[in-house]
Amino acid sequence: GVEKAAEETKLIIDEALVKKDEESTGTEPAENVEALRLQEETQGIIEALADRHRQEEESMVEYYARINEAIRIGEDAGTITKQQAANARKKLKEDEQRFEIDTVVSTMGAIVSALSTGGKKSQEIAKKIAIAKAIVSGGQAAVDAWKAGMSTGGPYAPIVAAAYTAASLAKTGAMISSIKGGSKPSAGGGLLPSV
């Protein structure tokens, strides 16, 4: 969950810094100092966010365990049927997955927000993270769009679901294209005008 996202974000940042250093053959010492400062600052932000989200995740794991236990007790006591218990467990699992995705997306958003106000290197890194964030958010949006389409019911539900999903993926693609095209990413995943 969060630790994997933090590690992937760190790799994106490190790759961007290495690439930028490789591109500038005659790097001035001041630029090297700025790059090191940026790397340390970014690492600090990532570690603080990962710690905060790890604590949230631990409390949510406890919460989900309590709910699971309540479902088991209800099933054992006969107050809910096996089918109701299965449905409740399925819904709980979906909620857990949604929480994990939301945690990763919010961490990426906080990092983008922190980096967007920095210099050119910071903004380049923020752009890469914003693209990764758009991909994660877009994937979840596509799943949600499919479920919404299927919930319409009837023989045309798969067609509606496919149309909803296609629209969602198109929106994600447009967002990524806008980010790549030079717009400045914002923490919420939207775009700020380029400066």
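Residues numbered from 1 in each chain as written. Predicted model: local features only at pLDDT ≥ 70, side-chain atom pairs only at ≥ 80, totals over all residues. Heavy atoms only, no water.

> Please explain the overall build of the protein chain as it appears in this structure.
Along its length, the protein chain carries 5 helices and 2 strands. Beginning at the N terminus, the succession of helices and strands in the protein chain can be written as α-α-α-α-α-β-β. Evaluated residue by residue, the protein chain yields a buried proportion of 29% over its 195 residues. Sequence-distant contacts in the protein chain: of pairs separated by 6 or more residues, those separated by 24 or more amount to 62%. Counting only carbon and sulfur atoms, one obtains 59% of the accessible surface of the protein chain, whose full area is about 11,400 Å². (Helix = DSSP H or I, 4+ residues; strand = E, 2+ residues; numbered from the N terminus. Buried < 20%, exposed > 50% of the residue type's maximum accessible area, 1.4 Å probe, protein only. Contact = heavy atoms within 4.5 Å. Areas by Shrake-Rupley, 256 points an atom, 1.4 Å probe, with all protein chains shown as cover.)

> Teacher, can you tell me more about the side chain of threonine 165 here?
Turning to its location among the elements, threonine 165 is positioned in helix α5 (residues 157–180). Those residues in contact with threonine 165 that sit more than four places away from it in its chain are Ala142, Ala145 and Trp146.

> Where do I start with the pattern of salt bridges in this structure?
Opposite charge on two side chains permits them to pair, given that their charged atoms come into close proximity. Going through the model one piece at a time under the given rule, you end up with 6 salt bridges. Among the ionic pairs, glutamate 69 bridges to arginine 72, the shortest N-O distance being 2.4 Å. Taken together, the residues glutamate 69 and arginine 72, both in helix α2 (residues 29–77) and 3 residues apart, mark about one turn of the helix. Judged by relative accessible area, glutamate 69 falls into the partly exposed class, the value being 34%. (Salt bridge = Lys/Arg side-chain N within 4 Å of Asp/Glu carboxyl O.)

> Which parts of the structure should I look at to understand the nonpolar core?
Within the largest apolar cluster, 15 residues are counted, with the highest numbers of intra-cluster contacts made by Met108, Ile111, Val112, Ile129 and Ile179. Of all elements in the fold, only α2, α3 (82–116), α4 (120–150) and α5 reach the threshold of two or more residues within this core. (Core = buried A, V, L, I, M, F, W, Y, C linked by side-chain atoms within 4.5 Å.)

> How should α5 be read in this particular structure?
The α-helix winds at 3.6 residues per turn, so residues separated by three or four positions along the chain end up facing the same way. With 24 residues, α5 should reach 34 Å at 1.5 Å per residue; the first-to-last C-alpha distance of 34 Å fits that figure. Considered for burial, the residues of α5 that qualify are Ala157, Ala161, Thr165, Ser168, Thr172, Ile176 and Ile179. (Expected span 1.5 Å × (residues − 1).)

> For this particular structure, what's the right way to read the environment of alanine 132?
Structurally, alanine 132 is set in helix α4. Expressed as a C-alpha distance, the spacing of alanine 132 and methionine 108, which sit 24 residues apart in the sequence, is 8.2 Å.

> Could you clarify how one ought to interpret the confidence of the model for the protein chain in this entry?
The predicted structure's coordinates, where accompanied by low pLDDT, should not be read in detail. Scored by pLDDT, the protein chain comes out at a mean of 74, with 69% of its residues at no less than 70. Across residues 184–195, confidence stays below pLDDT 50; counting only partners more than four residues off in sequence or on other chains, it has 31 contacts. (pLDDT = per-residue confidence, 0-100.)

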